[in-house]
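Overview (structure and organization)
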Amino acid sequence: MKKITKIESVTTQQKKKLRVAAYCRVSTGSDEQLVSLEAQKTHYEEYITSNPEWEFAGIYYDEGITGTKKEKRPSLNRMIQDCEDGKIDFIVTKSLSRFARNTTDCLELVRRLLELHIPVYFEKENLNTGSMESELLLSVMSSLAESESVSISENSKWGVRCRFENGTFKIAYAPYGYNVKNGEFSIRDDEAVWVRFMFDKAVEGLSSYQIALLLAERNAPTRRNGKWTSAKVADMLKNEKYIGDCLFQKTYRDSYFKRHLNRGEKDQFYMEGHHEAIVSKEVFEAAGRAIELRKNEKRVKTVPNTVYPFTGKIICGECGSLLVRHMNSTGSFKYPAWVCREHLHHKEKCSMRYVRESALKAAFATMMNKLIFGRKEVLQGLLDDIRKKNNKSDLKRIDEIDVALDEITLRRGNLSSIATKGYIDSVTFTQESNNLNLEAEQLKSERESLINGINDDLHKTETLQELIQFTGKQEMFSDFDEEVFKKFVARMTLASRNEVVFHLKCGLNLKEKVK
């Protein structure tokens with residue numbers, strides 16, 4: 001008799017999770033774009049880990065790299081290699097234009113991945129290559145992405161040229177020494193003082209290299225924690241914006257999206273009186289003449305400059321001027337003191353008198369000893385407060401602003417397109433264009449504020465951790481330490497002859513008596 005045995009199904013066997021990776025890209029290396037990249041990375045990490053059937057396989061990103069050529073995108077190529085090595089099962093990305101703005105590259109990459117049985121999901125277009133029966137839809141949409149890139153570029157260029165000609169073009173980013181809001185420049189005093197310093201030294205005959213050294217020695221602030229170089233100084237000494245003028249279209253992009261210096265290939269537009277000047281035209285031209293003279297010199301005479309720990313660091317609490325070192329005397333006894341520059345030359349404008357250098361050094365030592373003693377209560381407490389702050393909502397808002405700015409770019413392109421075809425007159429075009437510019441500037445201003453807040457928190461956390469580590473190992477100070485001062489103090493404000501405020505790089509502002 002035949003015997004049949006039933007084999008029970010295994011219902012407890014766990015289904016293997018899909019290993020999912022994300023690809024992100026931003027086209028420039030600026031702080032704003034890098035924060036946008038952080039927003040993309042945060043979004044995709046949460047998007048992938050929230051799916052119980054997915055396993056997070058990492059985020060691949062390229063920063064400050066053009067999206068038109070895959071050869072220039074190392075992280076994309078590394079992701080493809082990891083796919084070939086069997087580390088990834090599925091890829092998600094924001095859009096076709098982020099993945100590839102070239103139809104040939106897009107199709108080549110997708111075919112290559114499909115051969116490995118790895119589909120790609122394009123979030124913006126809601127397109128999953130794993131569910132496609134043919135490449136027709138992908139080919140059409142990637143072609144649209146490529147043509148959209150070219151069309152928007154050409155239409156935007158036409159609109160920008162119109163704004164150059166009628167003087168309505170708004171500059172989004174200001175050079176060192178200025179702030180910009182809604183296209184309007186305003187002088188940033190803490191940087192402008194160093195711009196004037198550069199031009200003064202250039203007129204005196206110093207080279208760009210020597211000026212860069214002086215700026216570094218005097219701890220002149222830079223943007224994005226950069227370094228002072230001779231090339232940077234040379235460019236600033238030639239920048240017409242410091243006399244209040246603007247030269248538009250210094251560079252241009254060709255049909256292959258490559259940027260070139262404009263050496264006469266395209267029209268340029270020079271606008272006088274665009275904004276408030278930091279240096280006079282006479283000083284600007286004198287600096288230019290001095291630079292030209294130096295080019296013909298065979299030997300460079302170096303000018304000795306003495307830099308002290310407090311040079312460029314102390315601000316007068318009454319008038320806002322910098323304090324300078326001055327040798328005072330009592331009978332035959334001489335001693336160094338620091339006095340407000342404005343008081344030194346115009347006593348009627350500022351009453352802040354001198355303070356002894358030894359007293360300031362003693363105040364710094366006392367302040368550091370208090371930090372060493374109260375390290376856990378003061379420093380660790382501040383670090384805990386900063387860490388509790390959640391930047392996820394800010395990153396999400398930045399991502400929303402990026403989407404809104406992309407939409408404005410599309411609307412600009414459409415506006416320029418219908419204007420070139422004669423469907424609207426120049427007055428209507430200018431009015432609508434200005435409205436879009438204003439909307440974009442407001443979004444950029446909000447974005448910049450969010451970015452500055454995030455960057456400020458990151459910088460404070462880093463410098464605060466360094467200070468906590470230092471005070472945990474350091475013994476009490478018996479004297480002034482120049483290296484420690486330079487490492488942790490950003491600047492000082494002399495509130496009165498009896499009180500100074502130390503502004504630490506970690507964000508703390510500590511008052512100390514001056515005796």
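Residues numbered from 1 in each chain as written. Predicted model: local features only at pLDDT ≥ 70, side-chain atom pairs only at ≥ 80, totals over all residues. Heavy atoms only, no water.

1. Digging into the overall build of the protein chain
Which entries qualify depends on this criterion: By definition, any uninterrupted DSSP run of H or I lasting at least four residues is a helix, any uninterrupted run of E lasting at least two residues is a strand, and each is numbered from the N terminus. In this scheme, a residue with accessible area under 20% of its type's maximum is buried, one over 50% is exposed, and one in between is partly exposed, where area comes from a 1.4 Å probe on protein chains only. Should any heavy atoms of two residues lie within 4.5 Å, those residues are considered in contact. With residues, only the protein chains shown are counted as cover, and all accessible areas are computed by Shrake-Rupley using a 1.4 Å probe.
On a plain count of helices and strands, the protein chain comes out with 15 helices and 18 strands. In the protein chain, buried positions account for 40% of the 515 residues. Of all intrachain contacts in the protein chain linking residues separated by at least 6 positions in sequence, the fraction that spans at least 24 positions is 63%. Working note: accessible area of the protein chain is about 29800 Å², and carbon and sulfur atoms make up 49% of it.

2. Considering unusual backbone geometry
In this model, His117 sits at a positive phi of 65°, which is unusual for a non-glycine residue. Within the fold, His117 resides in the loop between helix 4 (103-115) and strand 4 (120-122). Even without a glycine there, the phi angle at Asn219 is positive, about 55°. You can see Asn219 is positioned in the loop between helix 7 (208-217) and helix 8 (230-237). Taking relative accessible area as the criterion, Asn219 reaches 35% and is therefore assigned partly exposed.

3. Digging into the sheet that holds strand 15 (residues 355-356)
Sheet strands line up and pair through hydrogen bonds in the backbone, either parallel or antiparallel. Operational definition: Here the rule is simple: two strands pair whenever DSSP picks up at least two bridges between them.
The antiparallel open sheet is built from three strands, whose spatial order is 13-14-15. In this open sheet, the two edge strands, each paired with only one partner strand, are strand 13 (323-330) and strand 15. When strand 14 (residues 333-340) meets strand 15, the two strands line up antiparallel, connected through two bridges. In the strand pairing of strand 15, Trp338 is matched with Val355.

4. Quick look at the environment of Leu206
Of note, Leu206 is situated in the loop between helix 6 (189-204) and helix 7. For Leu206, a relative accessible area of 5% translates into the label buried. Taking C-alpha positions, Leu206 is 8.6 Å from Ala290, a pair spaced 84 residues apart along the chain.

5. Describing helix 11 (residues 357-373)
Let me state the cut-off plainly: A helix is expected to span 1.5 Å multiplied by its residue count minus one.
Compared with the 24 Å implied by 1.5 Å per residue over 17 residues, the 25 Å span of helix 11 between its first and last C-alpha is a close match. Of the residues making up helix 11, those classed as buried are Glu357, Ala359, Leu360, Ala363, Phe364, Ala365, Met367, Met368, Asn369, Leu371 and Ile372.

6. Focus: the pairing of strand 7 (residues 184-187)
Relative to strand 7, strand 6 (residues 178-181) runs antiparallel, the two sharing four bridges. Each residue of the ladder has a partner; that of Asn179, found in strand 7, is Ser186. Between strand 6 and strand 7, which pair antiparallel one after the other, the connecting turn spans two residues, and Asn182 there sits at a positive phi close to 55°.

7. Comments concerning the side chain of Glu191
Residue position: Glu191 is located in helix 6. By relative accessible area, Glu191 is classed as buried at 2%. With residues near it in sequence (within four places) discarded, Glu191 still touches Tyr176, Gly177, Tyr178 and Arg223.

8. Quick notes on the nonpolar core
Spelled out, the test is: Here, the term nonpolar core denotes a set of buried Ala, Val, Leu, Ile, Met, Phe, Trp, Tyr and Cys residues that are joined through side-chain atoms within 4.5 Å.
Residues Leu360, Phe364, Met368, Met492, Phe502 and Leu504 are the most contacted members of the largest nonpolar core, which totals 39 residues. Listed by contribution, the elements that provide at least two residues to this core are strand 12 (314-316), strand 14, helix 11, helix 12 (375-388), helix 14 (426-473), helix 15 (482-488), strand 16 (489-496) and strand 17 (499-504). Sort the elements by how many residues they give to this core and helix 11 lands first, with nine residues. Setting aside residues no more than four positions away along its own chain, Phe502 makes contact with Leu360, Ala363, Phe364, Met367, Phe485, Val489, Arg491, Met492, Leu508, Asn509, Leu510 and Glu512. Listed in part, the 28 residues of the second largest apolar core include Tyr178, Ala220, Trp228 and Leu237.

9. Regarding the state of the cysteines
Short version of the rule: Two cysteine sulfur atoms form a disulfide, by the criterion used here, when they sit within 2.5 Å.
Here the structure, examined in full by the defined rule, presents zero disulfides. No disulfide involves Cys316; its nearest neighbouring cysteine sulfur is the one of Cys350, lying 3.7 Å away. Take Cys316: its relative accessible area is 3%, and that puts it in the buried class.

10. With respect to the pattern of salt bridges
Threshold: What makes a salt bridge here is a side-chain nitrogen of Lys or Arg within 4 Å of a carboxyl oxygen of Asp or Glu, nothing more.
Tallied over the entire structure, the rule returns 15 salt bridges. For Glu357, the salt bridge goes to Lys361, with nearest N and O atoms at 3.6 Å. Of this pair, Glu357 and Lys361 both sit in helix 11, four residues apart, which is roughly one turn of that helix. Between Glu439 and Arg411 there is a salt bridge; the shortest N-O distance is 3.4 Å.

11. Points about helix 7
All of the buried residues along helix 7 are Ser208, Gln210, Ile211, Ala212, Leu214 and Leu215. Just past helix 7, the residue Asn219 takes up positive phi, approximately 55°.

12. Some thoughts on the sheet that holds strand 17
The condition is simple: Think of each axis as a best-fit line through the C-alpha atoms, taken over the contacting stretch in the case of a helix, with angles from 0 to 180 degrees between the N-to-C directions.
Read from one edge of the open sheet, four strands run 12-16-17-18, paired in mixed fashion. With partners counted over all chains shown, the strands left at the sheet margins are strand 12 and strand 18 (509-513), one partner each. Taken over all neighbouring pairs, the strand axes of this sheet differ in orientation by 25° on average, direction set aside. Sheet analysis places strand 16 next to strand 17, joined by six bridges and oriented antiparallel. Each bridged residue has a counterpart across the sheet, and for Met492 the counterpart in strand 17 is Phe502. Helix-sheet contacts for helix 11 involve strand 12, strand 16, strand 17 and strand 18, and the interaxial angle to strand 17 is about 55°.

13. Topic: the packing of helix 6 against helix 8
Helices that pack against each other are described as a pair by the angle of their axes relative to one another and the distance between those axes. Going by this rule: The labels follow the angle: roughly parallel below 35 degrees, roughly antiparallel above 145, roughly perpendicular from 65 to 115, and oblique for the rest. Residue classes follow a fixed rule: Ala, Val, Leu, Ile, Met, Phe, Trp, Tyr, Cys and Pro count as nonpolar, while Asp, Glu, Lys and Arg count as charged, and any other residue, Gly among them, counts as polar.
Their axes nearest at 11 Å, the elements helix 6 and helix 8 cross at an angle of 90°. When the axis of helix 6 is compared with that of helix 8, the two are roughly perpendicular. Residue-level contacts link Val195, Met198, Phe199 and Ala202 of helix 6 to Val233, Met236 and Leu237 of helix 8. For the contact of helix 6 with helix 8, the class distribution of residues is seven nonpolar, no polar and no charged.

14. Some points on the confidence of the model for the protein chain
Which entries qualify depends on this criterion: Per-residue confidence from the prediction method is given by pLDDT, with values spanning 0 to 100.
Taken over all residues, the pLDDT of the protein chain has a mean of 79, while the share at 70 or more is 78%. With pLDDT under 50 throughout, residues 298-304 is counted as low confidence; its partners more than four residues away or in other chains account for six contacts.

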